[in-house]
Amino acid sequence: MTHSQDPKSHLIALFQHAAGQFVQAEHLSIDLERPKQASHGDFACNVAMQLAKALKRNPREVAQAIVASLPASDLVEKTEIAGPGFINVFLKPAAWQNVALRVLKAGAQYGQVDLGKGEKIQIEFVSANPTGPLHVGHGRGAAFGASLANVLTLAGYQVQREYYVNDAGRQMDILALSTWLRYLTLGNQFVPFPANAYQGDYVSAMADSIYALHGERYMRPAAEVGANAPDAVSDPDGHLDALIANAKRLLGADYAYVHGHALEEQLGDGRNDLTEFGVLFDTWFSEKTLHESGLIDKAVKQLQQQGHIYEQNGALWFRSTAFGDEKDRVVLRENGIYTYFAADIAYHLNKFERGFERVIDVWGADHHGYISRVKGALTAAGADAERMIVTLVQFAVLYRNGQKASMSTRSGQYVTLRDLRAEVGNDAARFFYVLRKSDQHLDFDLDLAKSQSNENPVYYIQYAHARICSVLSAWGGSEADLLDANSARLEQPQELTLLRRIAEFPETVDAAARDLAPHSIAYYLKDLAAELHGLYAACQFLVEDEELKLARLSLIAATRQVIRTGLALLGVSAPERMSREDGGSVEDQPEKTGAAQENIA
RNA sequence: GCCCCCGUAGCUCAGUGGAUAGAGCAUCCCCCUCCUAAGGGGAGGGUCACACGUUCGAUUCGUGUCGGGGGCACCA
């Protein structure tokens, strides 16, 4: 048997053939792992232990039989049976040596796997209310979702990135009201500003701009704005709702302008922020269109016809307890307005109608109680809720000088994503955000993210890339010249280690896509960079021996390609040159990530 | 009360049911005449919270206990 592609799939085929004597191939999935210890070979197979019980034979005996019938291969150096029944496979150096050339030929395509098989998949993320600047929590969802989308794309999925715009709810009314109240003060119409309205400076800024554009046009007497409103202290929500109702009545058709202005400003601000962060969306889906197109009516009626809806206290309730929820939920409020939940049912039914095999929702961890009711409603409506996958992203807590730096109060006093990006740079922010499993709390160390030192994993990886660029530029040749390199000259232990690591990249992409775990890309890159630095310290690249030089250069050029692809998956730039600043200036610090993102999309 | 996440080295964390559990930082010791030292090499450091179970094998899966964090709206 000869090897067509990578060593692993080659070996799997060999084992499948050999194990065929015991079990039919379709019932067998061969599992090859990379042993932690080099003395256990390049790959270890546990199939003998798995078969031993069914066969009622000693696992080592089974291993013997399998080894005996392994087809001959020009990649395999030797096999060993070890421990309880592992079959350890040692490969000839040639098995790894050609990896570098494969990478150079494939270029940015290297790492592509066919896990998705072109399946249409949607990932919805961020979806923050456009009621104010994005904060550091949204940033994590953004970095995670964007990286995951990139990973899934490389893994063969047809990915659509979507942002759900909550442009229809009460929160938007509160923002419109808040803006208008600030505007009124510019005409000396003072209405006490409610504590539960939006307090941030950006609200006053919007009021200023409306005043600058339209002067007194939206001015109304302060006395009428607060008319008949319940007490702000004893009934803050009722107070706010009354003010909103008064605003709509007093402004009439002009209310839509104030509301629309606030929406566009905040949505535009968020979009710019995300774009600068290298986070791009294919679709911005408006909640308002769900109301206007009657999709929510349709969804609720559908549930109603199937007997999952009942009326109580003037509201319509969905019987979600029948689907595992702890409590039934309101879909149509007493005041005749649909809840966010109702919109979300229609929204998810609509996602499925748009032809996605699966939809991934990236939600903040505080929404976890929400999963069962949405899935329940989808099931009730006859959809397959299994196709909806919710990934919860836990909160990020910022630390500065060992102290918590994030204050999440409702008064607008939180650290924004823009502040964070300005402080640590896009690259560090993107990298640090995905350095932890998404479902785990993240301690974001601002000092570490900013430090231009070896402690900082972002620079460690980027520096590996820059070092390679520096060597290749000192050499001065073109990458095309490296395609003829004699890879058999790569024999040093550090060279073989690096070759193995590069060969592992497609498997890493596959696993990251399978587990929806972009953080494993970050860890892979740290390992890859470490091995590159190890090689750099051990071997000279620009040596006299022309053949050896080209072989080594082909290896580091391949490494550079994998680092580029990997960093692009995470939305982190791969600078060709890095220089350290003494005074802590960030002048030469790489910041742009947009280009990196586009390599993948 | 119910639900979710977590508990691995002094710290922050990796670890598809496999063999002697890893990395970075911190501590200690070494290495620039050489393609960027933002680098490399080495040492010490562990009851994988605890108990029971599942099995050839458990840090990994299940149950329970203890400890930490978060969530339970006619808000979105």
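Residues numbered from 1 in each chain as written. Chains lettered and ligands numbered in written order. Predicted model: local features only at pLDDT ≥ 70, side-chain atom pairs only at ≥ 80, totals over all residues. Heavy atoms only, no water.

1. Brief notes about helix α20 (residues 493–514)
Given a rise of 1.5 Å per residue, 22 residues ought to cover 32 Å, and the 32 Å separating the end C-alpha atoms of α20 matches this to within 8%. Where α20 bends most, the angle comes to about 35°, and this point is Phe505, followed within four residues by the proline Pro506. (Helix = DSSP H or I, 4+ residues; strand = E, 2+ residues; numbered from the N terminus. Expected span 1.5 Å × (residues − 1). Bend = angle between axes of the 7 residues up to and from the residue.)

2. Overview of the packing of aromatic side chains
A complete count under the given rule lists 24 aromatic pairs for this structure. Ring centres of Phe281 and Trp284 lie 5.3 Å apart, and the angle between their planes is 65°; on these two criteria the pair is classed as edge-to-face. Phe281 gets classed as buried once you look at its relative accessible area, which sits at 13%. The exposure class assigned to Trp284 is partly exposed, which follows from its relative accessible area of 24%. Following the ring pairs from residue to residue traces out a cluster consisting of Tyr164, Phe285, Phe318, Phe323, Tyr340, Phe341, Tyr347, Trp363 and Tyr370. Between Lys120 and the ring centre of Phe356, over which it is positioned, the NZ or CZ distance is 4.9 Å. The lysine or arginine in question, Arg182, covers the ring of Phe193, its NZ or CZ lying 3.6 Å from the ring centre. (Phe/Tyr/Trp six-rings, centres within 6.5 Å; stacked < 30°, edge-to-face > 60°. Buried < 20%, exposed > 50% of the residue type's maximum accessible area, 1.4 Å probe, protein only. Lys NZ or Arg CZ within 6 Å of the ring centre and 35° of its normal.)

3. Observations regarding the sheet that holds strand β5 (residues 120–124)
If you trace the five strands from one edge of the open sheet to the other, you get β7-β6-β5-β11-β12, paired in parallel fashion. Edge positions in the sheet fall to β7 (283–286) and β12 (388–393), since each of these pairs with one other strand and no more. Shown here is a sheet whose adjacent strand axes are inclined to one another by a mean of 25°, direction ignored. Pairing geometry for strand β11 (residues 358–364) and β12, over six bridges, is parallel. For Trp363, the partnering residue across the bridge sits in β12 and is Leu392. Most of the contacts of helix α6 (residues 136–154) go to strand β6 (residues 158–165), to which it runs at about 160°, and overall it touches β5, β6, β11 and β12. (Pairing = 2+ DSSP bridges. Axes fitted to C-alpha atoms, helices over the stretch in contact; angles between N-to-C directions. Contact = heavy atoms within 4.5 Å.)

4. Focus on the sheet that holds strand β2 (residues 43–45)
In space, the four strands of this open sheet follow the order β1-β2-β4-β3, with antiparallel pairing throughout. Each of the sheet's edge strands pairs with one partner strand only, and the pair in question is β1 (32–33) and β3 (76–82). Relative to strand β4 (residues 86–91), β3 runs antiparallel, the two sharing six bridges. Within β4, the residue paired with Ile81 across the bridge is Ile87. Taken strand by strand, helix α1 (residues 7–19) contacts β1, β2, β3 and β4, and its axis lies near 135° from that of β4.

5. Focus on the domain arrangement of chain A
Domain parsing of chain A yields domain 1 (7–91), domain 2 (170–268) and domain 3 (451–600). On a C-alpha basis, the centroid separation for the pair domain 1 and domain 2 is 71 Å. (Domains from an automatic or database assignment.)

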